[in-house]
Amino acid sequence: MRGLSIFAAATSAMLAFAAPAHAQSDPNPSVNHPDKQSWDLFMTVNADAAGPNDNNAVFETWASDGDTFQPAPVWPTTPSGLQVGRRALGLVLERIHPKIMPQVVPGGADLVSEETRRNRADFDYIVNNNLYKVSGLKSAYKAGNRIVFPVDSLEVKANWVEVDRLGEFNGFKGTPAEAAKIYHVNSTGGKSYALVAFHIISKLVPNWTWATFEHKDNPGRCDVIGCTDDFGAVTPYVAPLSAKESSTHYPDCAKTPALLSMLAKAHIDPAFGNYCLKGSQSDFTDPSGLAVRVGNSVTENGFVAQASCMSCHARAAFDEGGHATTLAGFDPTSIATPGSPGNAPVGPIASSWFWVPGGPPSYPSVVGEADLVRFALPADFVWSVPFCAIDDTASPPETKSRHCSGK
Ligand code: HEC
C-alpha cells in the first residue's frame, strides 16, 4: 500500500508538472522570451507623455545624465527637454582612433546626437548611494559595497538626427511634416530632432535585460551581425547584406500580428510603428560558448562587429580613486590598426577585470588559499556611473561631467 501511495503521489506530481496551467504562465519572460520582453519595455518607455509644448514619450520625462551627474541632483519635476550632446562612444573612439568615426565631425557639428535617461527608481539609487560623484565612488570602493540597482530600474540611451539633416543621414527627401509622421520627432532650442536609434535596459533580471531598436530606414541597419527579432518580425532573422558597416538599405521589418496588436493597443506616438528591434541580449555566450554580439548601427557605429552589450557593460567599474578602470570598455593597447573596430570585450566576464591576476582562480574558500586582491569594483553594468561621475575631489571640484552623453 505504502509503495502504491508513493507511486500515486509521484504520478500526480508529474501530471501537475505537465499541466497546461503551468505551461501557460511564463515565470521568467526576460530570459525565456527576450524579444517579447524588449517590445513590452518599448511600449512602457515610449508611451505618450506629450505636454502642451512638447512631443514627449515617457522616457523623455526622466532624468538625463546631466540631471543626475551634478553637484546637487534633483529629479526633474518639469521634463528637462531634449538633452542632446555628442555620441559618448564616438568621442571615446575619436580619442583612440580619429579616422574610424565618419559621423563624428570635430567641433561638435555631429550628424548624430545622443542622450541618456533613467527612471525614478534608477535615479534615486544613484543619488541615495552617492554614485554620481567621485567621493561617493571612493567610499563605495573602500567599503567593498556591492552595487545592485533596484528591480524596477530602467534606462534608455537615444540617438537623434536634426530633421533638416535627415537627408544627409539616409537620403530622406520629405518635408519636416512628413518626417514627423514616420519618425518620433521632438524639439529643443528651436530645432526639431528625429529619433533614429535607442537602447532600453531593465533590471528585471540580475544582469539586466538588453535591447536595441533602430528606425526602419537606418542605412546599414542589419550589416555585419544581422537583425534578430523572433517575436515582432515576420522574418525573425535577417542576414547581413554587408560584412562591413555600410549604407546598405534593408527592407522594412514587417511586423507580426502579435506585435501589431500590441502597437494598436498602446497609447503611443503612431510614428513608433516605424522602428525595428535589432536584437536583444540575455546572456554572454550561447550554450556552445560562442560570444553573443548585439550592436546598433548608429550607437555602436564603428564597432558593431565587436559589440556585446552585456560584456562591455560588465566592464563598467571603478578603482579606489573612484575612476573608471577602462576607457569605456575598450582596450586601447590592443587597438593597433586604424580602421579596426578596436578590442571591446565580448563573451563572459573575466576575473582579471576586477582582481589582481595571479591569485586563486576561484573564491578563496579552500583552506590555505590566499585572499583575493581587488583593484576594480563593478558598477552593476551601469557605465554612466564610472563614466559620468563628477570629480568633486579635484581642485577646483568638477561641477559638470566631462565625458558622458547629452547634458
Ligand atoms: C564597447 C562598450 C559598449 C558597448 C558594446 C555597449 N555599450 Fe552601452 N554604454 C557604454 C558606455 C561607455 C556608456 C556611457 C555613456 C554615457 O552615459 O554617456 C553606455 C551607456 C549606455 C546606456 C545608458 C545607461 C548606462 O549604462 O550608462 C544604455 C542604456 C546602454 N549603454 C545600453 C547598451 C546596449 C543595449 C548595448 C548593446 C546593444 C550597449 N549599450 C553596448 C559602453 C558600451
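Look up: the structure comes first, before these words.
The structure displayed is predicted, hence computed values, not measured ones.

**Some details on the pairing of strand S6 (residues 191–202)**
Taking burial as the measure, the 12 residues of S6 include 10 buried ones, the bulk of the element. For strand S4 (residues 154–162) and S6, the ladder comprises nine bridges, and the chain directions are antiparallel. When the bridges of S6 are listed, Val-161 appears paired with Ala-194. Relative to S6, strand S5 (residues 185–188) runs antiparallel, the two being bridged by four bridges. For Val-185, the partnering residue across the bridge sits in S6 and is Ala-194. Where S5 folds back on S6, the antiparallel hairpin that results is connected by two residues, among which Gly-189 adopts a positive phi of roughly 50°. Looking at chain direction, S6 and strand S7 (residues 209–215) are connected through six bridges and run antiparallel. Looking at S7, one finds that Ile-201 is bridged to Trp-210. Between S6 and S7, which pair antiparallel one after the other, the connecting turn spans six residues, and Trp-208 there sits at a positive phi close to 65°.

**Describing the coordination of the iron atom of the ligand**
Within the protein, just one atom coordinates the iron atom of the ligand: His-313 (NE2), at a distance of 2.1 Å. With respect to the helices and strands, His-313 occurs in helix H12 (residues 309–314).

**Topic: the packing of aromatic side chains**
Within the structure shown, the criterion is met by 17 aromatic pairs. Pairing Phe-42 with Phe-198 gives two aromatic rings, centres 5.8 Å apart and planes at 35°, and the pair type is tilted. Note that Phe-42 is positioned in helix H4 (residues 34–46) and Phe-198 in strand S6, a separation of 156 residues in sequence. You'll find Phe-42 and Phe-198 in the same group, each marked buried. Relative to Phe-272, the ring of Phe-42 lies with its centre 5.8 Å away and its plane at 85°, an arrangement referred to as edge-to-face. Here Phe-42, found in helix H4, pairs with Phe-272, found in the loop between helix H11 (257–265) and strand S10 (275–281); they are 230 residues apart in sequence, far enough to count as distant. Chaining the aromatic ring pairs together yields one cluster made of Trp-39, Phe-42, Phe-198, Phe-213, Phe-272 and Tyr-275.

**Quick notes on the packing of H4 against H11**
For the pair H4 and H11, the least separation of the axes is 11 Å and the interaxial angle reads 15°. With respect to their mutual orientation, H4 and H11 come out roughly parallel. H4 and H11 meet at a crossing whose hand is right-handed. Taken together, the residues of H11 that come into contact with H4 (itself represented by Trp-39, Asp-40, Phe-42 and Met-43) are Leu-259, Met-262 and Leu-263. A breakdown of the residues in the contact of H4 with H11 according to their chemical character gives six nonpolar, no polar and one charged.

**Some words on the state of the cysteines**
On inspection of all chains with the given rule, the structure shows two disulfides. In this model Cys-253 forms its disulfide with Cys-276; the gap between the sulfur atoms is 2.1 Å. Given an S-S torsion of about -90°, the disulfide between Cys-253 and Cys-276 has left-handed geometry. Residue Cys-253 is found in the loop between strand S9 (237–238) and H11, and its partner Cys-276 is found in strand S10; the two are separated by 23 residues along the sequence.

**Examining H11**
Here H11 has its buried residues at Leu-259, Met-262 and Leu-263. Take H11 and look down its axis: the buried residues cluster within an arc of 95°, on one side only. Those residues of H11 that are exposed and aimed more than 90 degrees away from the buried face are Pro-257, Ala-264 and Lys-265. Residues of H11 that are buried make contact with H4.

**Topic: a nonpolar patch on the surface**
A surface patch of nonpolar side chains, about 230 Å² in accessible area, is lined by Val-356, Val-373 and Phe-375. If you trace the backbone, Phe-375 turns up in the loop between strand S11 (317–318) and strand S12 (377–378). For Phe-375, a relative accessible area of 31% puts it in the partly exposed group.

**As for the pattern of salt bridges**
Charged atoms that come close allow side chains of opposite charge to pair. Applying the stated criterion across every chain yields a total of 12 salt bridges. The closest approach of N and O atoms between Glu-162 and Lys-191, which form a salt bridge, is 3.9 Å. Note that Glu-162 is positioned in strand S4 and Lys-191 in strand S6, a separation of 29 residues in sequence. The exposure class assigned to Glu-162 is buried, which follows from its relative accessible area of 18%.

Cut-offs and rules
- Residue positions are given per chain, counting from 1 as you read along its sequence in written order.
- Residues qualify for local features only when their pLDDT is at least 70, as the model is predicted, and side-chain atom pairs are given and counted only at 80 or more; totals for whole chains, interfaces and linings, by contrast, use all residues.
- Water and hydrogen atoms play no part in the side-chain values, which are based on all heavy atoms of the structure.
- The buried label goes to any residue with under 20% of its type's maximum accessible area, the exposed label to any with over 50%, and the partly exposed label to all in between, with areas taken from a 1.4 Å probe on protein chains only.
- Put simply, DSSP marks the helices as runs of H or I at least four residues long and the strands as runs of E at least two long, and each gets a number from the N terminus on.
- For two strands to count as paired, DSSP must find a minimum of two bridges between them.
- Each metal site lists N, O and S donors within 2.8 Å (3.2 Å for Na, K and Ca). With water left out of the atoms, a site can look as if it is missing ligands.
- Stacked, tilted and edge-to-face are the three classes assigned to paired rings of Phe, Tyr and Trp, where Trp is represented by its six-membered ring and a pair needs centres within 6.5 Å; plane angles under 30 degrees give stacked, over 60 edge-to-face, the rest tilted.
- All axes are obtained by fitting lines to C-alpha atoms, using only the stretch in contact for helices, and the reported angles, taken between N-to-C directions, cover 0 to 180 degrees.
- Comment on the angle field: the value is read as roughly parallel under 35 degrees, roughly antiparallel over 145, roughly perpendicular from 65 to 115, and oblique elsewhere.
- A crossing counts as left-handed when the near helix is turned anticlockwise from the far one by less than a right angle, and as right-handed when that turn is clockwise.
- Residues are treated as being in contact if the distance between any of their heavy atoms lies within 4.5 Å.
- Amino acid classes used here: Ala, Val, Leu, Ile, Met, Phe, Trp, Tyr, Cys and Pro are nonpolar; Asp, Glu, Lys and Arg are charged; the rest, including Gly, are polar.
- Criterion for a disulfide: a pair of cysteine sulfur atoms within 2.5 Å.
- Arc definition: directions from the helix axis to the C-beta atoms.
- Only residues whose relative accessible area exceeds 30% and that form no salt bridge enter a patch; like-charged residues are grouped when within 9 Å of one another, and nonpolar side chains (Val, Leu, Ile, Met, Phe, Trp, Tyr) when within 5 Å.
- Under the convention used here, a 1.4 Å probe and the Shrake-Rupley method define accessible areas, while residue burial counts only the protein chains that appear.
- A pair is scored as a salt bridge if a Lys or Arg side-chain nitrogen falls within 4 Å of a carboxyl oxygen belonging to Asp or Glu.

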